[in-house]
Every structure is written in structure tokens, then in C-alpha cells.
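# Analysis of the macromolecular model
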Amino acid sequence: MGSSSNEFDIIVIGGGIMGSSTAYQTAKGGCKTLLLEQFDFLHHLGSSHGESRTIRATYPEDYYTDMVLEASKLWREAESEAGYKVYTSTPHLDMGPANDASLKAVIASCQKNSFPFQILDHREVTNKFSGRLSIPEDWIAVYTELGGVIKPTKAVSMFQALAFGKGAVLKDKMEVKDIKRDEVRGGIVVYTTRGDKFWGRKCVVTAGAWTKKFVHSVTGHELPIQPLETAVWYWRIKEGHEEKFSIGGDFPTFASYGQPYIYGTPSLEFPGLIKVAVHGGCLCDPDKRPWMPRRDIDSLKEWMEGRFLGLLDCSKPAFTQSCMYSMTPDEDFVLDFLGREFGEDVVIGGGFSGHGFKMSPVIGRILADLVLTGSADGVGLKHFRIGRFDEHPKGNIKEFADQVGFIKSPL
């Protein structure tokens with residue numbers, strides 16, 4: 001390569017939350033690490049920006065619970081090392097029709113994992129939250145203590161700073177156009193559109209919504225990871241009621257099962273506003289996205305009017321933000337070796353399907369383990385293998401409905 005400054009143990013492609021967490025882990029392990037980002041660091045073009053993400057351990061899929069519990073611990077350890085907070089704890093509430101298959105699976109998962117929870121009926125929900133939240137008589141709610149709000153842009157910055165402190169080299173505005181095996185000395189050669197060339201013993205790809213495009217350009221293989229643009233809505237709390245929904249009290253992060261799947265957080269990032277949004281969006285090309293496609297949100301307004309008892313202004317959102325998902329058919333992650341000519345020298349982390357951010361510290365640990373040792377300590381990865389789509393086009397078979405709603409084209 002001509003210069004040891006262009007040679008590394010590990011090259012991580014993609015400087016969002018997953019790549020930044022991975023670079024921190026590999027650098028922490030003593031590896032000479034390079035983190036490459038195609039845009040500016042902390043940009044708003046992908047999935048790792050904005051003001052809030054939720055954390056919860058209540059999943060219909062029982063294999064996520066331990067990952068969230070480990071992630072919660074790793075968030076606190078990273079905060080302690082950084083010297084500041086990115087994660088604020090709250091309770092968490094899942095709600096929905098009592099016969100909803102997904103909500104039943106949440107309860108079964110909690111029981112299987114011995115995760116403490118309470119089941120509340122409509123009267124108990126009203127009493128517990130002092131009239132701020134209501135559910136229909138034929139609904140139930142699952143209440144847990146492990147919830148919270150993570151500040152995403154701040155969290156990405158934290159992991160990048162920690163990685164840099166451990167000796168990692170961070171370079172932005174470095175779009176990677178190709179990776180190839182070095183047939184002479186082994187390892188991976190990474191080429192950028194600017195003409196840079198880097199050599200790495202191993203490589204990790206965490207390209208977010210660009211994962212499908214990148215993998216296809218490098219290997220010709222079509223990974224079933226579909227970019228999706230989603231909208232995040234903030235609503236005004238009516239005057240005099242702002243403190244009732246503010247973080248730091250007992251108001252929870254929440255998720256509502258059924259169609260549409262709705263989620264939200266207490267008021268944190270914008271005083272007097274609360275985030276309530278639909279888990280879904282518009283299929284798109286990440287390089288040609290529509291930027292805020294118009295969506296019918298009448299069902300969301302109706303849901304809010306029934307849940308918040310007139311305490312929010314549901315007439316229109318106070319404002320809207322845009323974000324990206326990278327969706328797999330089964331809404332499960334891809335954590336695996338890229339394979340083919342790269343064997344186990346290139347590891348891929350992608351398809352986080354709008355719910356991976358909360359687990360980014362443990363995902364970074366898993367990807368680092370895979371690239372360094374070939375296995376992930378303490379985590380079963382069978383649900384996250386690329387090969388599952390060869391066995392079944394829709395991936396992991398589930399007995400409950402998809403959570404994410406799709407719009408195939410902007411309205």
C-alpha cells in the first residue's frame with residue numbers, strides 16, 4: 001500500500017450509530033481501526049440522527065430481550081466513560097386489543113425471559129396515569145420499568161469520541177465505491193470515489209439504508225433490505241398540561257399494537273411537544289428520496305383523540321421530521337459474514353428495520369466479536385443470518401403481523 005497510515009486491522013464502512021459503536025469496540029480491543037463515512041459525520045441523511053429513540057425490552061420476538069438488557073448496561077458503561085448522558089430512563093407501556101397476536105407474544109416473551117411486567121386493564125391504565133392516558137375496554141396494556149429515551153445524534157457523537165479516544169482514525173466525506181480481496185498479502189482493500197485506497201486485515205460494513213446498493217455493487221448479490229423513508233410527528237400539549245407528559249416523571253414511552261402500529265415518547269427534546277408517530281413509511285431510493293412524502297394521518301389523529309383525553313392538540317402536527325429505515329422482510333437484523341469471495345473477512349450489520357438503535361451498543365459488540373474472533377459471545381445469531389432468506393424469501397416465520405406499514409409510492 002505504500003504507507004502504514006493507510007493500513008489497518010479493521011476498516012468500518014459507515015459512520016452511523018452501528019459503525020461508530022463497532023469502531024469503538026474494535027479500537028477498545030486494541031485494533032488499529034478506521035471508520036469511514038460517505039457524508040459529513042452526524043449528518044441527517046440516514047437513520048442515526050434526530051432527537052429521540054426509545055428503548056424497551058418488550059418484544060414479540062423473545063430473542064431480542066437479552067440483547068436489550070445487555071444494551072441497557074452497555075449504554076450506561078459508555079456514558080460513564082464519556083462523562084455525560086445520552087439515555088434517560090422511563091417506564092414503558094405496550095397496549096392493544098386483548099386478542100392481538102403480537103401483544104400476546106410480548107407477554108409470552110416476558111414470561112419466557114422472566115422479565116418483570118404487569119398487565120393492566122383499561123381502568124388500571126387510567127388510574128396509573130392519572131387520566132392522562134386511556135385505552136378501550138377490550139384492550140390491555142403491558143407495563144414494565146425498563147423504558148427510556150436515547151438522544152441519537154448525541155449518542156453517535158459519543159461513540160465516535162470514545163473510538164477516537166481509543167486510537168481509531170475517523171474520516172468523513174469518504175464514499176466507498178468498492179472493496180476487494182488482496183490476493184497477494186491477504187486482507188481487504190477499500191477504494192473510495194475520491195481515489196483513496198486503504199488496506200485492512202478485516203472489514204465491517206454498516207451502511208444503513210445504502211446497504212442493499214453497496215452489497216450489490218460489490219458482490220452482485222441482492223440482499224432483501226429495502227430503504228424506507230419514515231416521518232416523525234410532534235404534537236402540541238395543551239397549555240397547562242405540559243408537565244404531565246414531561247420526561248423525568250412517570251409518563252412512559254409507549255407502543256400501540258394493531259394497525260397502525262403507533263409509538264411515542266414523553267416530552268423531552270422540544271418543551272411542550274410530545275412525539276407520537278406511526279411505525280412505517282414510504283419505499284424509496286436513499287439517493288432519490290421524496291423528503292417528507294404526504295401521508296394520511298387521520299387514523300393516527302383518531303387514535304390520539306381516544307388515548308389522550310383532550311390533553312393534546314390533535315388537529316395537526318406541530319412539525320415533522322424525516323428519517324430512514326432499512327427494512328428486511330421479517331423485520332429482523334442482518335448480522336453475519338458477507339461470505340462469497342470475502343469469506344469471514346467482511347462482516348455485515350444491516351436491516352435494522354426501525355428498531356435497532358436501542359441495541360446499537362450490543363450490536364457493535366457483536367460485529368466486533370464476529371470480525372475479530374469469528375463468533376459472537378453469548379448471542380445466538382441464527383435469526384440474523386443472511387442464509388435465512390435463501391431458505392425462505394420472507395426470512396424468519398412469525399405467528400403475528402408485521403409491525404411496519406409500507407407505502408409503495410408517495411401520496
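Structural notes, computed from the coordinates.

## A short note on the overall build of the protein chain
The helix and strand inventory of the protein chain stands at nine helices and 19 strands. At 21 Å, the protein chain has a C-alpha radius of gyration in line with the 22 Å of a compact globule built from 411 residues. Expressed along its principal axes, the backbone C-alpha trace of the protein chain runs to roughly 70 × 45 × 40 Å. Counting across all 411 residues of the protein chain, residues that qualify as buried make up 57%. Considering only contacts within the protein chain whose residues lie at least 6 apart along the sequence, 74% involve residues at least 24 apart. Of the roughly 16,600 Å² that the protein chain leaves accessible, carbon and sulfur atoms contribute 49%. Distance from the positive charge centre (47 side chains) to the negative charge centre (52 side chains) of the protein chain: 3 Å.

## Quick notes on unusual backbone geometry
A cis amide bond links glutamine 259 to the next residue, proline 260, at an omega of -5°. The residue proline 260 is located in the loop between β12 (253-256) and β13 (262-265) in this model. Phi angles above zero are rare outside glycine, and leucine 42 is one such case at about 65°. As for its placement among the helices and strands, leucine 42 is situated in the loop between β2 (33-36) and β3 (53-56). Even without a glycine there, the phi angle at leucine 309 is positive, about 55°.

## Digging into the packing of helix α2 (residues 65-82) against helix α8 (residues 360-373)
Two measures define how a pair of helices packs: the angle their axes make with one another and the distance between the axes. One way to put it is that α2 packs onto α8 with a least axis distance of 7 Å and a crossing angle of 100°. In this view, α2 runs roughly perpendicular relative to α8, as classed from their interaxial angle. Facing Met67, Glu70, Ala71, Leu74 and Trp75 of α2, the residues of α8 in contact are Ser360, Pro361, Val362, Ile363, Arg365 and Ile366. Of the residues contributing to the contact of α2 with α8, the split by class is eight nonpolar, one polar and two charged.

## Here's the deal with the nonpolar core
Counting residues in each nonpolar core, the largest one holds 97 residues, and the members touching the most others are Trp75, Val276, Phe308 and Ile363. For this core, the element with the most residues is strand β6 (residues 139-150), which contributes seven residues. If sequence neighbours within four positions are ignored, tryptophan 75 has contacts with Ile17, Ile55, Val86, Tyr87, Ile150, Ala155, Met158, Phe159, Phe357, Lys358, Ser360 and Pro361. Membership of the second largest hydrophobic core comes to 30 residues, among which are Val205, Val218, Met324 and Phe389.

## A word on helix α3 (residues 101-112)
The first and last C-alpha atoms of α3 sit 16 Å apart over 12 residues, in line with the 16 Å expected at 1.5 Å per residue. Listed as buried for α3 are Ser102, Leu103, Ala105, Val106, Ile107, Ser109 and Cys110. In the core, the buried residues of α3 are packed alongside α2, β4 (87-97), β5 (118-120) and β6. The opening residue of α3 is aspartate 100, an N-cap whose side-chain oxygen sits 3.0 Å from the backbone nitrogen of serine 102. Once α3 finishes, serine 114 follows within two positions and takes phi at roughly 55°, a positive value.

## So, the side chain of glutamine 25
Mapped onto the fold, glutamine 25 is located in helix α1 (residues 17-28). With residues near it in sequence (within four places) discarded, glutamine 25 still touches Pro361, Gly364, Arg365 and Ala368.

## Remarks on the pattern of salt bridges
Applying the stated rule across the entire model yields 21 salt bridges. Arginine 132 is the salt-bridge partner of aspartate 250, the closest N and O atoms lying 2.8 Å from each other. Residue aspartate 250 is located in the loop between β11 (226-236) and β12, and its partner arginine 132 is located in the loop between α4 (122-128) and β6; the two are separated by 118 residues in the primary sequence. Assessed through its relative accessible area of 6%, arginine 132 is described here as buried. In this structure, glutamate 222 and lysine 212 form a salt bridge, with 4.0 Å as the shortest nitrogen-oxygen distance. With glutamate 222 in the loop between α6 (211-219) and β11 and lysine 212 in helix α6, this residue pair connects regions lying 10 residues apart in the sequence. Here glutamate 222 falls in the partly exposed class, since its relative accessible area comes to 46%. We classify lysine 212 as partly exposed; its relative accessible area is 26%. Linked by salt bridges that have partners in common, Glu61, Asp332 and Lys398 make up one network.

## Re the packing of aromatic side chains
The description of two aromatic rings rests on the distance between their centres and on the angle between their planes. A full pass over the atoms with the stated rule returns 24 aromatic pairs. With a centroid separation of 5.8 Å and 45° between ring planes, the pair formed by tyrosine 64 and phenylalanine 384 is classed as tilted. Of this pair, tyrosine 64 sits in the loop between β3 and α2 while phenylalanine 384 sits in the loop between α8 and α9 (388-391); the two residues are 320 residues apart in sequence, bridging distant segments of the chain. Among the aromatic residues, those joined into a ring-pair cluster are Phe129, Tyr143, Phe245, Phe251, Phe254, Trp303 and Phe308. Between the NZ or CZ atom of arginine 76 and the centre of the ring of tyrosine 87, over which it lies, the distance is 3.9 Å. The ring of tyrosine 143 carries the charged tip of lysine 128 above its face, separated from the ring centre by 4.3 Å.

Thresholds, definitions, all that
- Residues numbered from 1 in each chain as written.
- Predicted model: local features only at pLDDT ≥ 70, side-chain atom pairs only at ≥ 80, totals over all residues.
- Heavy atoms only, no water.
- Helix = DSSP H or I, 4+ residues; strand = E, 2+ residues; numbered from the N terminus.
- Rg over C-alpha atoms; globule rule 2.2 N^0.38 Å.
- Buried < 20%, exposed > 50% of the residue type's maximum accessible area, 1.4 Å probe, protein only.
- Contact = heavy atoms within 4.5 Å.
- Areas by Shrake-Rupley, 256 points an atom, 1.4 Å probe, with all protein chains shown as cover.
- Lys, Arg positive; Asp, Glu negative; His and termini not counted.
- Charge placed at Lys NZ, Arg CZ, Asp CG, Glu CD.
- Axes fitted to C-alpha atoms, helices over the stretch in contact; angles between N-to-C directions.
- Parallel < 35°, antiparallel > 145°, perpendicular 65-115°, else oblique.
- Nonpolar A, V, L, I, M, F, W, Y, C, P; charged D, E, K, R; others polar.
- Core = buried A, V, L, I, M, F, W, Y, C linked by side-chain atoms within 4.5 Å.
- Expected span 1.5 Å × (residues − 1).
- Polar contact = N/O pair within 3.5 Å; in protein donor to acceptor, adjacent residues only side chain to side chain.
- Salt bridge = Lys/Arg side-chain N within 4 Å of Asp/Glu carboxyl O.
- Phe/Tyr/Trp six-rings, centres within 6.5 Å; stacked < 30°, edge-to-face > 60°.
- Lys NZ or Arg CZ within 6 Å of the ring centre and 35° of its normal.

The values reported here are purely geometric and, on their own, carry no functional implication.
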